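Here is what each chain is made of, one letter per residue.
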Amino acid sequence: MEQNPNWSILTILGFVGVIQTLVDLPVPGPWGASSFTQGTIGLAGLVCLYLAWFRRTFRSTGVLPIIERWSNPHISSKKVMIVGVLTILISVIIGQISFMPAPAGLIVHLIGWLILLNGFYVWLVVNGPLREEE
């Protein structure tokens, strides 16, 4: 019997890492720049949130959502592409908010493009010109 990997600890660590970027804590770190320390901890938090999502969604440890793990890639690929486009649009809004850290919009924009490209690749392989004919 396969056990579901624990994802709750990663979720908590991820939220703490991301939320601390919104609070100005003067922690200079070994490089002497507190903003770089905050950004590094925030990116580590994003990685933890991604790993928690992956473990919860696919019920396995890993990093890449390969097509064999998708339960219904014909429909899911379109939903993933929509989420990617919405994330890109949200990143534009985040980039215009003055109280957000300056690179926040850029990072969310990058995440949106990665989501969109993942969904587009799955669509190409499952529905598009890269599918294998049986």
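Our subject is the structure that appears above.
The shown structure was predicted, so the numbers you read here are calculated from the model rather than taken from an experiment. (Residues numbered from 1 in each chain as written. Predicted model: local features only at pLDDT ≥ 70, side-chain atom pairs only at ≥ 80, totals over all residues. Heavy atoms only, no water.)

It is worth spelling out unusual backbone geometry at this point. Positive phi, close to 55°, is recorded for arginine 59, a residue that is not glycine. Along the chain, arginine 59 turns up in the loop between α2 (34-58) and α3 (73-96). Relative accessible area serves as the criterion here: at 49%, arginine 59 is assigned to the partly exposed category. (Helix = DSSP H or I, 4+ residues; strand = E, 2+ residues; numbered from the N terminus. Buried < 20%, exposed > 50% of the residue type's maximum accessible area, 1.4 Å probe, protein only.)

The subject of this paragraph is the nonpolar core. By size, the foremost hydrophobic cluster in this structure holds six residues: Phe54, Phe58, Ile67, Trp70, Val122 and Val126. Elements that contribute at least two residues to this core include exactly α2 and α4 (104-126). The residues contacting tryptophan 70, other than those within four sequence positions of it, are Phe58, Pro65, Ser76, Ser77, Val80, Asn118 and Val122. (Core = buried A, V, L, I, M, F, W, Y, C linked by side-chain atoms within 4.5 Å. Contact = heavy atoms within 4.5 Å.)

Inspection of the secondary structure assignment puts isoleucine 94 in helix α3. Take isoleucine 94: its relative accessible area is 17%, and that puts it in the buried class. On a C-alpha basis, the gap between isoleucine 94 and serine 76 in space is 26 Å, while along the polypeptide they are 18 residues apart. Those residues in contact with isoleucine 94, other than ones at most four positions away along the chain, are Met100, Ala104, Gly105 and Val108.

Any link to function would need more than the numbers given here.
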